[in-house]
Amino acid sequence: MPGAPTVRPPVTDVADVAAALFGPRASPATPRPAAALATGAPGPSRSLTFHGRAGTLLGIFVVNVCLTLATLGLFYFWARVRVRRYLIGQTELDGDRFSYHGRGLEVLIGFAKAACLFGPPFFALQWLPGLLDLGTGATVAVSIGAYGVFLLLVPVARVGARRYRLSRSAWRGIRFSFQGRALAFVRVFASGWLLMAATLGLAYPVFATRNHAFLVRHSHFGSGRFAFDGRGTDLLVDYCYAVLLTLPTLGLAWFWFVARQRRYFWEHTSLGGLRFRSTVTGGRLLGLKAVNAALLVLTLGLAWPLTSVRNAAFTCRHLHLEGELDRDAIRQTPAAASATGEGLLSFLESDLDLG
Amino acid sequence: VPTSWDGHYLDGVTPARQAATVVVMARGLEIRPGSGSPRWWPLERIRQVQGAYAGEPVRLEHTGQIGEALIVPDPEFLRAVRAIAPGARRLRFHDPTHRHARVALTIVAALVAVALGAGFHRWGVPAAARLAAGLVPTAWEAQLGEQVFARAFPPHTRCVDEARQKVLDAILARLLAPHPPTPYRFRVTVVRWAAVNAYALPGGRLVVLQGLVDHADTPEMLAGTLAHEVAHVVHRHTTRSIFEAASTAALIAAATGDASGIALLGLEGGAFLGRLRYSREHEAEADLEGGRLLLAAGVDPRPQVAFFEAAARRRGEAWQGPWAYLSTHPTDAARLAAARALAAEATAPPRPLVSDAEWKDLKRICEG
């Protein structure tokens, strides 16, 4: 997901959707009249506005919890959709809000498909060695197999989830879409992973940037395609600093790396005449996350609606758009997407955004 | 009621928006964009996408064309549609007049959610865990127990002394004799650890730490501990706690939706507190069933009472009160009361477990 190395799904959605809009590789030499963006009369640079309120989200959250418990968990999928619809619907750009069109049933079916396809092999590989009392060699082989399956599923899940979420998100009535092939992403992901393993992790920025580039370049806003021209080697120095400073700063140096990576990713993203810019800094990110962590731990997780709203508002506040979208060049392109990858993400229950 | 409203129109083809006037009619809406011909939307083809929350503009979409939408900033527009077009009442349009009831409904939902959550926690999860544990083959439990035993208590930590082990085995056999047959093979091992504790591994492995043997004044005290651990095995507490932890996690996941990352830290705290309750329930059950086992075997229960009295005196009141919720075991006072109640049930006079000489010798099981 663009510029969000650790995934919190709702925020990622906003970022995804926002990403779809923020990509114009504007040529500064040929400025277009602001009227191209219709009534918003946008200035040269503007940011997203997030209107969401923690109180409203808390209400949604409470009703979701009640219905999820009453249905023995079945409502979970509808609950996710309601939260996502709220967070995306509260995000505004140039006077128009984004809209989310996902449906609980689609997400439920996606989850069921993912569970049937990938559940048995994964759990068999993970649990059978212990239960059948295989020898050490066989156990190790099976564990490596399980890890391999997992590595394969991560890219498939990311592509699937992105495909579904983008296809259900729209701005000004134009749907976003993701048109990359899962297998192609598996290749990118696996080769990057091997490169990282071979360099003992040093190539992480290359790995992350290649993944990100694939995900952005196959994302569309209607008929307009996002572009990304970043190279992972540009982040190498920052990455080395972060690694070296991990111990002296007790890991806090990573906030600065993550912020730097986020800015870099956005700055190299464009959509037609639009380009993006992020003003996230390590200090601001640290402030946001530290307060959120304190809120969540102190309330045993109940402050979740508040932290979600804070995250979304932070993302919007620090994301800026420059240049204009070419109104005449962009057309609606209806595309279907299934929710399988979406289900897989929730099924594996881990922070899958390794990039 | 005004019939004409200002908004803007999206044609679903291009990302341009046009200012538009909407006229509400009995069978639908007529949209008159600033340029181009008017659009007629029959009511049954309209879906409301946004506008249910305060501050949100009303967004209606035409179901025939992806993205064709009408946005009216004023929520009063919805009221006008309902007033003028009677058919709109059947559609799932939001009714702003009911917004004030939301706070009350949300509070009701919160109360119901708390009641449901508490009910699941109190009864649902333990019942489900008991049911699920019953389906696990005992051979799997034994397998797990053996693996843990081999890893946690490697051979060099075990006290091996054939003659003294026989006395220990005799105490265990005496306890098990009156018990109906179980699918488990019970074995007891003393381990060279100074702590005063004992463990029951699933499948029938009992582990007594040397510290406990040292601290036990009488064979009856040791037998009380063994009976407690036997009850853990027979009632499959380890297997049940695995299922209880999993169902607690599922319960929390169901209740929190999209939580991830750091939120899980806070939730983990909640789950931990929840699991402690199940632990205390298991301990209370093991106390009760273990005590019954003692009585059935004709073992004197009074040393057990003395043990809890000593524990209660030693720890005093500090560990009662709110701290009790952070404990894996019931309070000393509760355990003492339960032990006294059981001791009062004893009918037949107790028979000694082993001779004094045998007991003194057994206490040196780790001296090799």
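Quick summary incoming for the structure in this document. (Residues numbered from 1 in each chain as written. Chains lettered and ligands numbered in written order. Predicted model: local features only at pLDDT ≥ 70, side-chain atom pairs only at ≥ 80, totals over all residues. Heavy atoms only, no water.)

Considering the environment of alanine 110 of chain B
All names here are of chain B. Take alanine 110: it is sitting in helix 2 (residues 101-134). Its relative accessible area of 27% is what places alanine 110 among the partly exposed residues. Taking the C-alpha atoms as reference, alanine 110 lies 50 Å from histidine 215; in sequence the two are 105 residues apart. (Helix = DSSP H or I, 4+ residues; strand = E, 2+ residues; numbered from the N terminus. Buried < 20%, exposed > 50% of the residue type's maximum accessible area, 1.4 Å probe, protein only.)

As for the pairing of strand 1 (residues 4-10) of chain B
All names here are of chain B. Across the seven residues that make up strand 1, a large majority, five, are buried. Remark: six residues form the turn of the hairpin made by strand 1 and strand 2 (residues 17-24), two consecutive strands paired antiparallel; glycine 12 in that turn has positive phi of roughly 80°. Where strand 1 lies against strand 7 (residues 69-72), three bridges are found, and the strand directions are antiparallel. Paired with leucine 10 across the two strands is alanine 69, which belongs to strand 7. (Pairing = 2+ DSSP bridges.)

Re the packing of helix 9 (residues 302-315) of chain B against helix 10 (residues 332-345) of chain B
All names here are of chain B. Interhelical geometry of helix 9 versus helix 10 gives an angle of 160° and a closest axis separation of 9 Å. Of the possible angle classes, the one that applies to helix 9 and helix 10 is roughly antiparallel. The handedness of the crossing between helix 9 and helix 10 is left-handed. Contact with helix 9, carried on its side by Val305, Phe308, Glu309, Ala311, Ala312 and Arg315, involves Asp332, Arg335, Leu336, Ala339, Arg340 and Ala343 of helix 10 and no other residues of that element. (Axes fitted to C-alpha atoms, helices over the stretch in contact; angles between N-to-C directions. Parallel < 35°, antiparallel > 145°, perpendicular 65-115°, else oblique. Left-handed = near helix turned anticlockwise from the far one by under 90°. Contact = heavy atoms within 4.5 Å.)

Regarding the pairing of strand 7 of chain B
Residue and element names in this part refer to chain B. Residues Ala69 and Ile71 point to one face of strand 7 and Leu70 and Val72 to the other, with burial holding for every one of them. Where strand 6 (residues 58-62) and strand 7 come together, four bridges link them in antiparallel fashion. What sits directly across from arginine 59, in strand 7, is isoleucine 71. What sits between the antiparallel neighbours strand 6 and strand 7 is a turn of six residues, in which glycine 67 has the positive phi angle 85°.

Some remarks on the side chain of threonine 248 of chain B
With respect to the secondary-structure elements, threonine 248 of chain B resides in helix 7 (residues 237-256). With residues up to four places along the chain from it excluded, the contact list for threonine 248 of chain B reads Val125, Ala271, Arg275 and Tyr278 of chain B.

Some points on the packing of helix 2 (residues 54-70) of chain A against helix 3 (residues 76-89) of chain A
Residue and element names in this part refer to chain A. Relative orientation of the contacting elements helix 2 and helix 3 amounts to 170°, with a least axis distance of 9 Å. On the basis of the axis angle, helix 2 is roughly antiparallel to helix 3. Contacts from Thr56, Leu57, Ile60, Val63, Asn64, Leu67 and Thr68 in helix 2 reach Tyr76, Ala79, Arg82, Val83, Tyr86 and Leu87 in helix 3. In terms of residue class, the contact of helix 2 with helix 3 is built from nine nonpolar, three polar and one charged. (Nonpolar A, V, L, I, M, F, W, Y, C, P; charged D, E, K, R; others polar.)

Comments concerning the sheet that holds strand 3 (residues 28-33) of chain B
Residue and element names in this part refer to chain B. The seven strands are arranged 4-3-2-1-7-6-5 in an open sheet whose pairing can be described as antiparallel. Across the chains shown, the open sheet's two edge strands, defined by having one partner strand only, are strand 4 (39-42) and strand 5 (46-50). Averaged over all neighbouring strand pairs, the angle between strand axes comes to 30°, with direction disregarded. One ladder, built from four bridges, connects strand 3 with strand 4; its direction is antiparallel. Residue pairing across strands places glutamate 30 opposite tryptophan 40, the latter belonging to strand 4.

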